[in-house]
Amino acid sequence: ELVEIHQNTSTPPGHLLGEWPCDEPGHCLIWGRRLDEDGSDWLVALTNSGSKEHTIGVEWTSLGWEASASADIRDMWNHTDIGSTTKSFETQVPTHGTAVYRVVATKNEI
């Protein structure tokens, strides 16, 4: 799945969306790549370059969506669907780790 997305050149490359607040400033980053033209489908990478595990997440507003939007989450490393959530998604990311998710809007509130 990730290789197919990486090789797709129909949308712009990913970019830094922001920094998630953690007790090691600058070490909890949110990267994203829009996967479609209307912005309803994103690949999100949560990176932890810190010296300990952190909870890192992404808020829908950083994707350009309404805060009340709902989205389906897919874990790209484990090839599993996580489920739906509103407003944001958070997960534990190990030290020097990256968590990669596909986030697809389920409502027309984006």
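What counts and how
- Residues numbered from 1 in each chain as written.
- Predicted model: local features only at pLDDT ≥ 70, side-chain atom pairs only at ≥ 80, totals over all residues.
- Heavy atoms only, no water.
- Buried < 20%, exposed > 50% of the residue type's maximum accessible area, 1.4 Å probe, protein only.
- Helix = DSSP H or I, 4+ residues; strand = E, 2+ residues; numbered from the N terminus.
- Pairing = 2+ DSSP bridges.
- Salt bridge = Lys/Arg side-chain N within 4 Å of Asp/Glu carboxyl O.

Caption draft 1: View of the pairing of strand 7 (residues 88-93). In strand 7, alternate side chains face the same way, and those of Phe89, Thr91 and Val93 are buried while those of Ser88, Glu90 and Gln92 on the opposite face are not. Pairing analysis gives six bridges linking strand 4 (residues 54-59) to strand 7, with the strands arranged antiparallel. Looking across to strand 7, one finds that Ile56 is bridged to Thr91.

Caption draft 2: Main features of the pattern of salt bridges. Enumeration over the complete set of coordinates arrives at four salt bridges. Linking Arg102 and Asp41 is a salt bridge whose minimum nitrogen-to-oxygen distance equals 2.6 Å. A residue pair is termed long-range when its members are at least 10 positions apart, and Arg102 in strand 8 (residues 97-105) and Asp41 in strand 3 (residues 41-48) qualify at 61 residues. As a salt-bridge pair, Arg74 and Asp81 come within 2.9 Å of each other at their nearest N and O atoms. Here the salt bridges share partners, and the residues they tie into one network are Glu1, Arg74 and Asp81.

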